[in-house]
Every structure is written in structure tokens, then in C-alpha cells.
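The primary structure of each chain is shown beneath.
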Amino acid sequence: MEAAASAAAPTPWSIRLDDVTVRYPNGTIGLNGVSLDIAAGEMVAVVGLSGSGKSTLIRTINGLVPVTSGVLDVGEHRVSGASPRTLRRLRGDIGMVFQSFNLAGRASVLQNVLVGRLAHTSLWRTMLGVYQESDRQRAYQALDRVGILAKLHSRAADLSGGQQQRVAIARALAQEPRIVLADEPVASLDPPTAHGVMGDLRRINRDLGITVLVNLHLLDLAREYGARMIGMRAGEVVYDGPAASATDADFESIYGRSISAGDRLDT
């Protein structure tokens with residue numbers, strides 16, 4: 001089965017945080033006065049150790065974690081203080097990729113990717129699982145873009161970890177997103193597969209112009225695949241600059257300790 005012809009990608013969105021603080025109900029500070037301007041179409045690696053605030057940053061951009069103070073604008077939306085309806089619209093234009101894949105194991109690859117069309121599909125079609133041919137064509141195209149169209153009818157549970165993550169990326173692409181947010185998408189993958197998945201995300205950024213933010217903790221992946229790198233520590237931005245030129249000393253400053261073998265993928 002052939003993929004659909006490429007269609008024009010939606011206009012990518014910019015992201016702007018102005019002195020944003022996120023305080024969880026238990027008092028933990030997730031973000032502490034963060035100010036960032038991320039241009040539409042940027043490829044950004046967000047680097048930091050567990051608890052640094054990088055996952056909070058992504059979940060705040062997606063409206064899953066509310067802003068305690070400050071202003072957050074994502075594309076045309078003012079996310080800080082937004083209504084539930086606005087947040088639903090926002091999430092329909094943001095593709096999410098998770099470390100754990102979040103696929104339905106018993107469902108086919110195609111069925112999993114079609115989940116990405118839910119925000120653009122009527123309720124009755126969603127409940128009956130009846131998708132328009134145009135939605136199927138978008139799913140085929142997304143699977144073809146990540147090189148896994150041949151697995152269209154396979155059960156997700158029967159795929160390797162790398163293949164499952166590619167299905168998750170295809171699901172995000174099927175949304176026709178303006179932003180893709182990936183939270184540690186290669187943490188559970190072996191080095192060759194991790195490079196393949198990161199290469200997919202970079203091609204999505206370059207070929208479609210979609211704004212891409214990827215949370216990572218491995219310095220070599222951040223250097224190779226991020227055009228810009230944001231380093232986070234204790235909820236604050238401690239580095240913001242070109243990824244390729246970030247030194248080991250910069251990473252030590254971000255991590256608050258010496259670099260170890262575990263901080264590199266290719267060791």
C-alpha cells in the first residue's frame with residue numbers, strides 16, 4: 001500500500017515563557033522563574049537530570065501542568081490561565097512522544113496511529129472506529145515517513161521497542177501538529193535504535209518545519225541532534241545556546257557534577 005502524497009504541513013508555532021513558575025500542590029517547585037523564547041520551527045534539546053524541571057517544562061507547554069505565575073504563550077494561545085476548552089484545542093495541535101510509547105498493545109499499528117486523528121474526528125466516528133479515508137491516508141503517510149509502513153497491520157505489542165517508538169512518532173505526526181514534544185523518547189532504546197529515532201525527529205523538523213522539543217539526559221545525543229540546547233537544573237535555565245558547541249564543562253554545570261559514562265550514549 002502506498003503512502004499518500006505529501007501535504008503542506010500546518011504553520012509551526014512559537015513558544016514564549018515569561019517568568020514562569022510552576023509550584024506543585026505538595027510545594028515542590030517544578031519551574032522557577034523560567035523565561036524562554038523558542039521560535040517557530042526550532043529543533044531544541046532540553047537537557048537535565050531527573051528532577052531538573054525538563055519534564056515539567058514540556059507538560060506545562062502542553063497545558064497538562066498549570067502555570068502558578070508568569071505568562072506562557074504557545075502559538076496563538078495564552079496557556080497560563082486558559083480555559084479547559086482552550087487547552088483541548090491546544091493539545092489537538094501538539095504531538096506528544098513519551099519514553100513508554102503509550103501504545104495499545106493489542107491494537108494494530110494503523111489503529112494506534114489513527115488515535116492521532118481523534119482531535120479532528122467527530123465523536124460518533126471515534127466511538128465506532130470509523131475513520132474517513134483522508135485520515136487513513138494521513139496515517140499511511142506518517143508511517144511511511146518514519147519507515148514503518150510495512151508494519152501497518154501488525155499488533156503494536158509484537159514490535160521491537162524502536163519500532164513502537166516510531167509508531168508513537170507516526171501517531172503524533174497524524175495529528176498534523178504545529179509542535180512535537182518528546183519526553184525522553186530514547187531512554188529505553190539501544191544506541192543504534194536511539195540514533196534512528198532521533199534522526200526521525202530531526203527529519204520531521206527539517207522536512208516539515210515543525211517545532212520540536214526533545215527532553216534528553218545524554219550529552220552526545222543533545223550535541224548531535226539539537227540545533228539549540230537548553231540546560232535545566234533545579235527548575236531553572238542554566239544554559240541556553242548552540243547544542244553542537246556545548247562543552248563537557250557546560251554539561252557539568254548543568255548536571256551539577258562531573259560527567260560520567262552514563263551521561264553518554266556512545267561509550
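Residues numbered from 1 in each chain as written. Predicted model: local features only at pLDDT ≥ 70, side-chain atom pairs only at ≥ 80, totals over all residues. Heavy atoms only, no water.

**Student:** Explain helix H9 (residues 248-255) here, please?
**Tutor:** Side chains of residues three or four places apart in an α-helix project in the same direction, reflecting 3.6 residues per turn. Those residues of H9 that sit buried are Phe251, Ile254 and Tyr255. When H9 is viewed along its axis, its buried side chains cluster within an angular range of 90° and face the same direction. Residues of H9 that are buried sit in contact with strand E3 (43-47), helix H8 (219-225), strand E9 (228-233) and strand E10 (236-242). (Buried < 20%, exposed > 50% of the residue type's maximum accessible area, 1.4 Å probe, protein only. Helix = DSSP H or I, 4+ residues; strand = E, 2+ residues; numbered from the N terminus. Arc of directions from axis to C-beta. Contact = heavy atoms within 4.5 Å.)

**Student:** Which parts of the structure should I look at to understand the layout of surface pockets?
**Tutor:** Gaps left between atoms show up when a probe the size of a water molecule is rolled over them. Approximately 330 Å³ is the volume found for the largest pocket. As for the largest pocket, its lining consists of 15 residues, and the residues nearest its centre are Arg91, Ile94, Met96, Val115 and Gln175. Mapped by element, the contributors of at least two residues to the lining of the largest pocket are helix H2 (84-92), strand E6 (94-98) and helix H6 (161-174). Residues belonging to the lining of the largest pocket are distributed by class as follows: eight nonpolar, four polar and three charged. (1 Å grid on protein atoms, 1.4 Å probe; cavity = no way out; pocket = protein on both sides within 12 Å on 5 of 7 lines; lining within 4 Å. Points joined across faces, edges and corners; volume = space filled by probe spheres on them. Nonpolar A, V, L, I, M, F, W, Y, C, P; charged D, E, K, R; others polar.)

**Student:** How should I be thinking about the packing of H6 against helix H7 (residues 191-208) in this particular structure?
**Tutor:** What describes two packed helices is the angle between their axes and the distance between those same axes. Their axes nearest at 9 Å, the elements H6 and H7 cross at an angle of 15°. What the angle tells us is that H6 and H7 run roughly parallel. Read as a crossing pair, H6 and H7 show a hand that is right-handed. Judged by residue contacts, Gly162, Gln165, Arg166, Ile169 and Leu173 of H6 engage Thr193, Gly196, Val197, Asp200, Leu201, Ile204 and Leu208 from H7. Here the residues of the contact of H6 with H7 are counted per class, giving six nonpolar, four polar and two charged. (Axes fitted to C-alpha atoms, helices over the stretch in contact; angles between N-to-C directions. Parallel < 35°, antiparallel > 145°, perpendicular 65-115°, else oblique. Left-handed = near helix turned anticlockwise from the far one by under 90°.)

**Student:** Before we go on, may I ask you to explain the nonpolar core in this structure?
**Tutor:** One recurring pattern in soluble globular proteins: nonpolar side chains tend to sit buried together. Ranked by internal contacts, the top residues of the largest apolar core, which has 55 residues, are Leu201, Met229 and Phe251. When residues of this core are assigned to their parent elements, the largest contribution, seven residues, is made by H6. Beyond its immediate chain neighbours, meaning those up to four positions away, Leu201 contacts Met43, Ile169, Val180, Ala182, Pro185, Val212 and Val214. Counting residues in each nonpolar core, the second largest holds 28 residues, with Val34, Val46, Met96 and Ile179 among its members. (Core = buried A, V, L, I, M, F, W, Y, C linked by side-chain atoms within 4.5 Å.)

**Student:** Can you help me understand the packing of helix H5 (residues 133-145) against H6 in this one?
**Tutor:** For the pair H5 and H6, interaxial distance at closest approach is 8 Å and the crossing angle is 135°. By the angle between their axes, H5 is oblique relative to H6. H6 is crossed by H5, and the crossing has right-handed handedness. Each of Arg138, Ala142, Leu143 and Arg145 in H5 lies in contact with H6, whose residues at this interface are Ala170, Leu173 and Ala174. Tallied by class, the residues present in the contact of H5 with H6 amount to five nonpolar, no polar and two charged.

**Student:** Any chance you could explain the environment of Arg178 here in plain terms?
**Tutor:** Position of Arg178 relative to the elements: it lies in the loop between H6 and strand E7 (179-183). Among the residues examined, Arg178 registers a relative accessible area of 23% and is labelled partly exposed. Spatially, the C-alpha atoms of Arg178 and Arg166 are 19 Å apart, while their sequence positions differ by 12 residues. In contact with Arg178, not counting residues within four places along its chain, are Pro10, Thr11, Pro12, Trp13, Asp93, Ile210 and Thr211. A polar contact is formed between the side chain of Arg178 and the backbone oxygen of Thr11, at a distance of 3.0 Å. (Polar contact = N/O pair within 3.5 Å; in protein donor to acceptor, adjacent residues only side chain to side chain.)

**Student:** Is there a simple way to think about the sheet that holds E9 in this case?
**Tutor:** The pairing of strands in a sheet comes from backbone hydrogen bonds and takes either a parallel or an antiparallel form. Read from one edge of the open sheet, six strands run E6-E7-E8-E3-E9-E10, paired in mixed fashion. Each having just a single partner strand, E6 and E10 make up the two edges of the open sheet. This sheet shows a mean twist of 15° between the axes of neighbouring strands, independent of strand direction. Sheet topology places E9 next to E10; six bridges connect them, and they run antiparallel. Looking at E10, one finds that Arg228 is bridged to Pro242. Strands E3, E6, E7, strand E8 (211-216) and E9 of the sheet are contacted by helix H1 (residues 54-61), whose axis makes an angle of about 150° with E8. Across the sheet, H9 lies against E3, E9 and E10, angled at about 35° from E9, the strand it touches most. (Pairing = 2+ DSSP bridges.)

**Student:** Is there a simple way to think about the sheet that holds strand E5 (residues 77-78) in this case?
**Tutor:** Across the sheet, which stays open at both edges, the four strands sit in the order E2-E1-E4-E5 with antiparallel pairing between neighbours. Edge positions in the sheet fall to strand E2 (29-38) and E5, since each of these pairs with one other strand and no more. Sitting on the sheet, H1 is in contact with strand E1 (15-23), E2 and strand E4 (69-74), with an inclination near 65° to E2.

**Student:** Is there a simple way to think about unusual backbone geometry in this case?
**Tutor:** Negative phi is the rule for most residues except glycine; trans is the rule for most peptide bonds. Phi angles above zero are rare outside glycine, and Asn102 is one such case at about 60°. Along the chain, Asn102 turns up in the loop between E6 and helix H3 (109-114). Residue classification places Asn102 among the partly exposed residues on the basis of a relative accessible area of 41%. Look at Ala234: it is not a glycine, yet its phi comes out positive at around 55°. Among the structural elements, Ala234 can be located in the loop between E9 and E10.

These figures capture arrangement, not role.
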